[in-house]
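# Architecture and fold: a report
Chain by chain, the residues:
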Amino acid sequence: MTKVAVVMGSISDWPTMQLATDILTDLGIEIEKHIISAHRMPKTLAQFAENARENGVSVIIAGAGGAAHLPGMLAASTTLPVIGVPIQSKALNGLDSLLSIVQMPAGVPVATVAIGTAGAKNAAYLAAQIIGISDVKMAEAVAHFREAQTQAAIDSEAALNE
Ligand code: RP5
């Protein structure tokens, strides 16, 4: 069974990253959760990333804020896909996190999503879509979610005009 690892730089990132784990769980994806600070736990970071594939992880979602080096440093130590979630920081509203995560040098990609809650949710859906490349059931689960989302939008217009 394939797994998604959800990694965050601090417990303070959890309220945002929980939105990703909730969606992954709803989609039936096995997850593992870690707090690994790029700056406070650099050795743990390298160890985790180097062993992730043989530990059954297929996608890594990494959320960090401020000087958000966690996703990039994970990507530097593995060829698994890494999705970076810029946490909405207090000082600069997450623009610092976004730029720290998205501006990777060529050759070490991080798939960077939006700042904050939308980003955390999209990280989970993107991970599911990556898994869905080789897992028909997961592709169907994502398609089902999309249909429900479309229907909810249609229903919201109907409610507006009631
Ligand atoms: C980053 O620094 C974390 O990802 C977090 O978003 C930010 C602040 O961390 P704390 O000081 O709240 O632990 O490493």
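Treat the numbers as computed from the prediction; the structure is a model and nothing was measured. (Residues numbered from 1 in each chain as written. Predicted model: local features only at pLDDT ≥ 70, side-chain atom pairs only at ≥ 80, totals over all residues.)

## Looking at the site of the ligand
Around the ligand, a shell composed of Gly9, Ser10, Ser12, Asp13, Ser37, Ala64, Gly65, Gly66 and Ile87 is seen. Classifying every residue of the shell around the ligand by side-chain character gives two nonpolar, six polar and one charged. (Near = placed C-beta within 6 Å. Nonpolar A, V, L, I, M, F, W, Y, C, P; charged D, E, K, R; others polar.)

## Points about the sheet that holds strand β3 (residues 57-64)
The strand order β2-β1-β3-β4-β5 describes an open sheet built from five strands, whose pairing is parallel. Lying at the two open borders of the sheet, with one neighbouring strand each, are β2 (30-35) and β5 (111-112). For strand β4 (residues 82-86) and β5, the ladder comprises two bridges, and the chain directions are parallel. Counted as the bridge partner of Gly84 is Thr112 from β5. (Pairing = 2+ DSSP bridges. Helix = DSSP H or I, 4+ residues; strand = E, 2+ residues; numbered from the N terminus.)

## Description of unusual backbone geometry
Where the residue is not glycine, phi is negative for most of them; where a peptide bond is considered, it is trans in most cases. Positive phi, normally seen in glycine, also occurs at Asn93, with a value near 60°. Within the element layout of this structure, Asn93 appears in the loop between β4 and α4 (95-102). Residue Asn93 is classed as exposed on the basis of its 12 C-beta neighbours within 10 Å. (Buried ≥ 20, exposed ≤ 12 C-beta atoms within 10 Å, placed from the backbone.)

## Points about the UniProt feature "binding site: substrate" (unreviewed entry) in the chain
Feature annotation in UniProt places "binding site: substrate" (unreviewed entry) on Ser10, Asp13 and Arg40, given in this structure's numbering. With respect to the element layout, Ser10 can be found in the loop between β1 (3-8) and α1 (14-26). Residue Ser10 is classed as partly exposed on the basis of its C-beta count, with 16 C-beta atoms lying within 10 Å. Apart from the residues within four sequence positions on either side, Ser10 is in contact with Ile35 and Ser37. Take Arg40: it is sitting in the loop between β2 and α2 (42-51). (UniProt positions renumbered as here; feature names shortened; annotations may be inferred. Contact = placed C-beta atoms within 7 Å.)

## Quick word on the environment of Ala118
Among the structural elements, Ala118 can be located in helix α5 (residues 117-132). With 12 C-beta atoms packed within 10 Å, Ala118 lands in the exposed category. It is 22 Å that separates the C-alpha atoms of Ala118 and Ser58, two residues lying 60 residues apart in sequence.

## Overview of the environment of Gly28
Relative to the assigned elements, Gly28 resides in the loop between α1 and β2. The spatial distance from the C-alpha of Gly28 to the C-alpha of Ala141 is 9.0 Å, given a sequence separation of 113 residues.

## Observations concerning the pairing of β1
β1 sits mainly inside the fold: five of its six residues count as buried. Two strands pair when backbone bridges link them, and β1 and β2 are joined in this way by six bridges, in the parallel orientation. Across the sheet, residue Val4 finds its bridge partner in β2, namely Ile31. For the segment spanning β1, α1 and β2, crossover handedness is right-handed. When β1 meets β3, the two strands line up parallel, connected through six bridges. Bridging from a neighbouring strand, Val4 pairs with Val59 of β3. (Right-handed = clockwise from strand over helix to strand, strands pointing away.)

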